[in-house]
Amino acid sequence: MRKRLDLQRPVPSELLRECLEIAVQAPTGGSLQQWQFVVVTEAEKKRAVGEIYKKAWYAGNARRRRDYPAEDVRGQRLSQLVDSAMYLADHMGEVPAMVFACIEGRLHEADGAHRLASQFASILPAVWSFQLAARARHLGTVLTTGFLEDEAGVASVLGIPYDRITIAAMVPVAYYTGESFRSGPRVPLDSVVHWEGW
């Protein structure tokens, strides 16, 4: 999808609103509905975020796992994944729209895994619902988190109150090129599913 985003065609705000209306139907822990969304279409802000994203992506890519066994599909497809992810990193500032999914509150390491999992479980279903709604409207999306290495920088560019709001993900949105999609290569299901225990 990364290389199939149409960087030239604007995405109407009405379509983004429709997708967000569906996103906020997603479940949240305790039905607190503490999500917040920031939609960015302004060229200068997109450019600034794109620069932060690019720097973070290249830093993260330098640490990327590369030691997969020869028969592992993740290793076999790694060069294609890196190539498409690099393309997106190099062009992030050009996407027609960016949607930032945020959640109220800031967590710290001392808060524990339960609170961290609960916080992200209360926003990521909304992100996925947004992405499915976008696909139904012929829009392409990618869930990205690499920029979170400089979450404070992105928050500063967008005026997000970093001290009380966590950015969980960014979703670049564009019309896509081509006619259809195919399933992505994945590890065999039986290698990741356990019944009645590990």
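In this text the structure is predicted, and so the values were computed from the model without any measurement.

S.K.: I keep staring at unusual backbone geometry and nothing clicks. Help me out?
M.R.: The bulk of non-glycine residues show a negative phi, and the bulk of peptide bonds are trans. Phi is positive for S31, which is not a glycine, with a value near 50 degrees. Inspection of the secondary structure puts S31 in the loop between helix 1 (13-23) and strand 1 (35-40). Assessed through its relative accessible area of 48%, S31 is described here as partly exposed.

S.K.: I keep staring at the sheet that holds strand 2 (residues 97-104) and nothing clicks. Help me out?
M.R.: In a beta sheet, neighbouring strands pair by backbone hydrogen bonds and run either parallel or antiparallel. The strand order across the open sheet formed by four strands is 1-2-4-3, and the pairing between neighbours is antiparallel. Of all strands in the sheet, those bounded by a partner on one side alone are strand 1 and strand 3 (139-141). If you compare each strand with its neighbour and ignore which way they point, the axes differ by 30 degrees on average. Pairing of strand 3 with strand 4 (residues 165-175), which is carried by three bridges, proceeds in the antiparallel orientation. Within strand 4, the residue paired with T141 across the bridge is V173.

S.K.: Please clarify how the pattern of salt bridges should be interpreted in this entry.
M.R.: For the structure shown, the criterion picks out four salt bridges. Across the salt bridge formed by E18 and R137, the nearest N and O atoms sit 2.8 Å from each other. With E18 in helix 1 and R137 in the loop between helix 6 (124-136) and strand 3, this pair connects stretches of sequence that are 119 residues apart. Close ionic contact of R47 with E44 constitutes a salt bridge, the shortest N to O distance being 2.6 Å.

S.K.: Is there a simple way to think about the nonpolar core in this case?
M.R.: If you look at soluble globular proteins, the nonpolar side chains tend to sit buried side by side. Y53, M98, F100, V154, I167 and M170 are the most contacted members of the largest nonpolar core, which totals 25 residues. At the level of secondary structure, the elements contributing two or more residues to this core comprise helix 2 (43-62), helix 4 (78-91), strand 2, helix 7 (151-158) and strand 4. The residues touching V154, leaving out its near neighbours within four places in the chain, are V49, I52, F100, F147 and I167. A23, I123, A134 and A168 belong to the second-largest nonpolar core, a separate cluster that totals 24 residues.

S.K.: How should a nonpolar patch on the surface be read in this particular structure?
M.R.: Side chains of L189, V192, V193 and W195 sit close together on the surface and give an oily, nonpolar patch of about 470 Å² of accessible area. Turning to its location among the elements, L189 is positioned in the segment after strand 4.

S.K.: Got a minute to help me understand the confidence of the model for the chain in this structure?
M.R.: Regions with low pLDDT should not have their predicted coordinates read in detail. Per-residue confidence for the chain gives a mean pLDDT of 87, with 91% of residues at or over 70. No element of the chain has a lower mean pLDDT than helix 3 (residues 73-76), which averages 64, and none a higher one than helix 1, which averages 97.

Rules of the game
- Residues numbered from 1 in each chain as written.
- Predicted model: local features only at pLDDT ≥ 70, side-chain atom pairs only at ≥ 80, totals over all residues.
- Heavy atoms only, no water.
- Helix = DSSP H or I, 4+ residues; strand = E, 2+ residues; numbered from the N terminus.
- Buried < 20%, exposed > 50% of the residue type's maximum accessible area, 1.4 Å probe, protein only.
- Pairing = 2+ DSSP bridges.
- Axes fitted to C-alpha atoms, helices over the stretch in contact; angles between N-to-C directions.
- Salt bridge = Lys/Arg side-chain N within 4 Å of Asp/Glu carboxyl O.
- Core = buried A, V, L, I, M, F, W, Y, C linked by side-chain atoms within 4.5 Å.
- Contact = heavy atoms within 4.5 Å.
- Patch = residues over 30% accessible without salt bridge, like charges linked within 9 Å, V, L, I, M, F, W, Y side chains within 5 Å.
- Areas by Shrake-Rupley, 256 points an atom, 1.4 Å probe, with all protein chains shown as cover.
- pLDDT = per-residue confidence, 0-100.

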